[in-house]
Every structure is written in C-alpha cells, then in structure tokens.
Amino acid sequence: MKSAVETLNPTRVRLTVEVPFEELKDSLDAAYKKINQQVTVKGFRKGKIPARVIDQRFGRGAVLEEAVNDALPKFYTEAVNEAELNPLGQPEVDIKELKDNVVLSFTAEVDVRPTIEVPDYSGIEVEVDAIEVTDEDIEKSVEQLRDRFASTTPVERAAEDGDVVTIDLEAKVDGEVLEDGVADGVSYTIGSGELLDGVDDAVKGLSAGEEATFASELKGGSAAGKEAEVTVKVTQVASRELPELDDEFAQLASEFDTLDELKADSRKRLENMKQYDQATQAQERVLDKLLELVEVPIPEKLLEDEINTRKHNLEHHQLPQMGLTLDKYLEIQGTTAEEFETETREAAIKGIKTQFVLDELVNKEKLNVGQEELTEHLMRRAASSGMSPDQFAQAVVEGGQVPMLVGEVARGKALAVVVEAATVKDTNGELINLDDEDEDEAAEGSAEAAAEEKPEA
C-alpha cells in the first residue's frame, strides 16, 4: 500500500491511497465466505459454493463491492497511522479506481487536529473576588436553617402572607379540564413563589372551604406555556412559627451546644464555599487569558457538529426537564433567536479551542491520569448526575466513555499547571495561594464547563 497526504487547510487533509490487488486477498476471501452464507444455489451445499459460481450467478462486481467495503477502514487506518495524523470525525471517502486483479485507489478527506504552539504562560495575571464573610451572611445562613425547623399550627382565619395552606387545584384550557391539571392536598407557603403565578393573590384572604379562580400561564405538563383558568380551593390554613434563636435551637438544629458555636460553624462553611468559588473563578479567568494567547484554527465540520449537539441537548434534554420550550427559555433570558445562535456558536468555539489547547498542554507537560484521580473524578460526576457511583461507572463503561473521563481529568490537571504558574490576586491586592485540592477540582470543573456550557433558566 502507498499513501500520500495533501494539506487542504490547517484543519483538513486529503489522503490518497493506492492498494495493490494482492493486498485485497483477505477481504475477497471474506466477501466470498459472507455471500456463501447468504445465498442458495441448487446443487451446492450452503457455504460450499465455488467462487467461480458466485461470480457467474451474482456477478464479480458484488464480490468486489463487499471486499472493498471490508478493506477500506483497514487501509484508511493504516494511512492515517503512517502519516501520524489525528483525525476528527469520519472521513469522506471517494474510490478513484478499482481494476479487478490490478489496483484499488481511493481518497479520504478528513478534519484533523491543528498543530498548536502553546506559548509561555507564566506571565498570566488575573484578579479574583476577595473572600469576605459578613455578619449579614451568617445571619442569613442561620435564618435559612431556622426556616427549615419552623412548625405549623392550623388556624381558623383567612390566609395571610407566610401561612402554609393546603389547597386543591384544577386547571382548564379552553373550558376543558386538563388530564394532568388536577392536584389535591397540595401544601403551599404563601409568598414562596413555588407554584403558579397569581396563586398568592388568589389564596390570600381565603379561609378553609373557600375557593377562587385566576388566570395563569402553565409552567409544565401537557399544556405548558398556555394560558389556563385555575380554580384553587383552600382546605386548611396554618400559621408558621419559627423557633427562638437560642442555645436550645442550636442543639435542635445541629451538633453544637450553643448558638455562638453554630454561628462560628456557619462562618467557617461560608468561608470554605467562597474559597472554592474563588478557586473556580481563578481557573476560569486564567483559562480565558490562556486562550487569548493561542491561535487555534477551528475545523468547520467539527464546529457545525458541536453547535448542533449543543442545540439538540438544550431543546430535547435540558429544557424539557425544566418544563420549558426554546421560545420560552429565550423569553426568560431576554435573548433573541439571533443572539442565541451567536452565543451558541461562540460557546462551541471556546469549547473546541479549550479542548485543543489543554490536550496539547497534556502532551507537552507529559501529564498522566492515575486510577485514584479517575475514581475521584468519577465520584464527583456521579454526584452531579444524581446517580450512584456504581450506576455511573457502569453507564460510562457500557457507553465507552472511559477515555472521555480520562481526558477531562487530564485537561483539568493541565489547567491546574497553568494556574500554578499564573499570578492570582484578589480585589484587595492580596496574592492568592489556591489550595491544591480546591485547585484541582475547580480546574476540572472549569475545563469541563468551557467545553460544554449549560443553560440556566
């Protein structure tokens, strides 16, 4: 086999491959064997039909076609390896010549990873938010905990803001009650905003046994996005009572004996959360600076596929889980369809560029992924997906996604190397030394997020 490579542009090549006919022997034998198992010829046992009879009955062309289809992937792979290419996606193959008992020649055009020169990144400087936990932050945290331990007491009066009401709901569209538009015994805190728009105003002032009707746009279900006439009936009104903020509350709501100890723990937890947020912010800003330093040609076909994948995931997976259509999502975001297209394209470009640059850094820095690192990453991914580690691991293995996870960890380590070499200061001018564990975990998250940004409704 002979092959040659022609560079069409920085991200696409054309392979020209010429194969002497004798190298097709194994594929020809396999073709005759396959056809033997599929056809029946009177006078011959199944699987024992001579090659000359198959040629006569079904045509030599059918055999050649089967043999070429079998052989092409092998010869294409050999040509790719010989040229030391990193192909992206499937090739476009064109058979140029097929002469029986003489030669097979074909071309294969395919996108390839561009050659990237990663410049010196030691001079990168970024600024991040300073870690500051105020007394107000602590009070808010304690109030949220206090709210979880609120008790309710049924009352014989009209419902007010903050009350917990038990209600029955019935939704009609065009005068017809929806099959999934009826709900009984729903517990709802007035003012929480957790149900339909307009329900707060409808139930306030109602006592047990009374009902009201209001119009609201449905957020989910079979008539999501449609205007509905909703009837709400209050079956019980209960007042919420918050526990006193004292040592007794601390003992009830935590493992601490005093309120001061509880507040001290809240401060520590908030500081840890802000420290992690600071590390994540550092990763993201260092990554942005790194990408600014590198020129990366983007394969058009790869970019088109990435854009389509992002749109498909958004419209068919992420938004349905939120009970939203694309139009409703754009409305909530205050974004036009044209702006959405532009943002999706820019995000796809950044994702591809991030992968290329960090993969190059992995090779340059000779970074490897250990089993322990992979396991830790798998545990984090499982937790974020809502699956158990065993379930997630099984899904990853069955889907052939282990190399993808390894790549995510490796890219996270590459970004951590860049962050370590960068100068990171907070808004107070203080030099930031990121914790190694937070740095590695946040780096993996930043690299992964850049590669696949998710919407927030």
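Residues numbered from 1 in each chain as written. Predicted model: local features only at pLDDT ≥ 70, side-chain atom pairs only at ≥ 80, totals over all residues. Heavy atoms only, no water.

Looking at an unreviewed UniProt entry, one finds the chain named Trigger factor, with Streptomyces chiangmaiensis as its source organism. Annotation of the chain in UniProt includes, under Catalytic activity (unreviewed entry), the sentence "[protein]-peptidylproline (omega=180) = [protein]-peptidylproline (omega=0)". (UniProt positions renumbered as here; feature names shortened; annotations may be inferred.)

Undergrad: How would you sum up the UniProt feature "domain: PPIase FKBP-type" (unreviewed entry) in the chain? Please name residues and give values.
TA: Following the UniProt record, the feature "domain: PPIase FKBP-type" (unreviewed entry) maps to residues 162–214 here. Secondary structure across residues 162–214 comprises 9% helix and 53% strand; the distance between its end C-alpha atoms is 20 Å. (Helix = DSSP H or I, 4+ residues; strand = E, 2+ residues; numbered from the N terminus.)

Undergrad: Tell me about the pairing of strand S5 (residues 125–128), and please be specific about residues and values.
TA: Burial of the side chains of S5 is restricted to one face: Val126 and Val128 are buried, whereas none of Glu125 and Glu127 on the reverse face is. Summarising the sheet, S5 and strand S11 (residues 423–426) pair through 4 bridges and their orientation is parallel. Bridge assignment links Glu127 to a residue of S11, and that residue is Lys425. (Buried < 20%, exposed > 50% of the residue type's maximum accessible area, 1.4 Å probe, protein only. Pairing = 2+ DSSP bridges.)

Undergrad: Give me the confidence of the model for the chain: which residues, what numbers.
TA: Mean pLDDT over the chain works out to 90, with 95% of the residues at or above the 70 mark. By mean pLDDT, helix H14 (residues 436–451) is the weakest element of the chain at 58, and S5 is the strongest at 96. (pLDDT = per-residue confidence, 0-100.)

Undergrad: Before we move on, could you go through the environment of Arg381 and cite the residues and values that matter?
TA: You can see Arg381 is positioned in helix H11 (residues 371–385). According to the relative accessible area criterion, Arg381 is buried, its value standing at 18%.

Undergrad: Tell me about the sheet that holds strand S2 (residues 12–20), residues and numbers included.
TA: Read across the sheet, 4 strands follow the order S1-S2-S4-S3 without closing on themselves; strand pairing throughout is antiparallel. Edge positions in the sheet fall to strand S1 (2–9) and strand S3 (87–99), since each has one partner strand and no second. Averaged over all pairs of adjacent strands, the angle between strand axes in this sheet comes to 20 degrees, irrespective of strand direction. Pairing of S3 with strand S4 (residues 103–112), which is carried by 9 bridges, proceeds in the antiparallel orientation. From the neighbouring strand, Pro87 faces S4, where its bridge partner is Val112. (Axes fitted to C-alpha atoms, helices over the stretch in contact; angles between N-to-C directions.)

Undergrad: Explain the pattern of salt bridges residue by residue, including any values.
TA: Tallying each qualifying case throughout the model produces 30 salt bridges. The partner of Glu373 in a salt bridge is Lys413, and the shortest N-O contact between them spans 3.1 Å. In this pair, Glu373 sits in helix H11 while Lys413 sits in helix H13 (residues 402–421), placing the two residues 40 residues apart along the sequence. Exposure remark for Glu373: the relative accessible area of 29% places this residue in the partly exposed category. Note on Lys413: relative accessible area 22%, which makes it partly exposed. Residues joined by salt bridges that share partners form a network here, namely Glu6, Arg12, Arg14, Glu92, Glu109 and Asp111. (Salt bridge = Lys/Arg side-chain N within 4 Å of Asp/Glu carboxyl O.)

Undergrad: Break down unusual backbone geometry for me, citing the residues and quoting the values.
TA: Positive phi values are uncommon outside glycine, yet Glu84 reaches one of about 55 degrees. Counting through the fold element by element, Glu84 comes out in the loop between helix H3 (60–83) and S3. One non-glycine residue with positive phi stands out, namely Asn101, at about 65 degrees. Within the element layout of this structure, Asn101 appears in the loop between S3 and S4.

Undergrad: Describe a nonpolar patch on the surface, naming the residues involved and giving the relevant values.
TA: A contiguous nonpolar surface patch, about 210 Å² in accessible area, is contributed by Val93, Ile95 and Leu98. Along the chain, Leu98 turns up in strand S3. (Patch = residues over 30% accessible without salt bridge, like charges linked within 9 Å, V, L, I, M, F, W, Y side chains within 5 Å. Areas by Shrake-Rupley, 256 points an atom, 1.4 Å probe, with all protein chains shown as cover.)

Undergrad: Explain the side chain of Asp111 to me, using residue names and the numbers behind them.
TA: Secondary-structure assignment places Asp111 in strand S4. Of the polar contacts made by the side chain of Asp111, one reaches the side chain of Arg12; its length is 3.0 Å. With sequence-adjacent residues up to four places away left out, Asp111 is seen in contact with Thr11, Arg12, Asn86, Pro87, Leu88, Pro299, Lys301 and Leu302. (Polar contact = N/O pair within 3.5 Å; in protein donor to acceptor, adjacent residues only side chain to side chain. Contact = heavy atoms within 4.5 Å.)

Undergrad: Before we move on, can you summarise the packing of helix H4 (residues 135–148) against helix H7 (residues 259–293) with the specific residues and values?
TA: Axis separation between H4 and H7 bottoms out at 9 Å; the angle between their running directions is 110 degrees. Taken together, H4 and H7 sit at an angle that is classed as roughly perpendicular. Contacts between H4 and H7 involve Asp135, Asp137, Ile138, Glu139, Ser141, Val142 and Leu145 from the first element and Leu262, Lys263, Ser266, Arg267, Arg269, Leu270 and Lys274 from the second. (Parallel < 35°, antiparallel > 145°, perpendicular 65-115°, else oblique.)

Undergrad: Kindly report on the packing of helix H8 (residues 300–322) against helix H10 (residues 337–364), identifying the contributing residues and their values.
TA: Their axes nearest at 9 Å, the elements H8 and H10 cross at an angle of 120 degrees. On the basis of the axis angle, H8 is oblique to H10. For H8 against H10, the interelement crossing comes out right-handed. In this structure, H8 uses Glu300, Leu302, Leu303, Glu306, Ile307, Arg310, Lys311 and Leu314 to contact H10, whose residues at the interface are Phe340, Glu341, Thr344, Arg345, Ala347, Ala348, Ile349, Gly351, Ile352 and Phe356. Classifying every residue of the contact of H8 with H10 by side-chain character gives 10 nonpolar, 2 polar and 6 charged. (Left-handed = near helix turned anticlockwise from the far one by under 90°. Nonpolar A, V, L, I, M, F, W, Y, C, P; charged D, E, K, R; others polar.)

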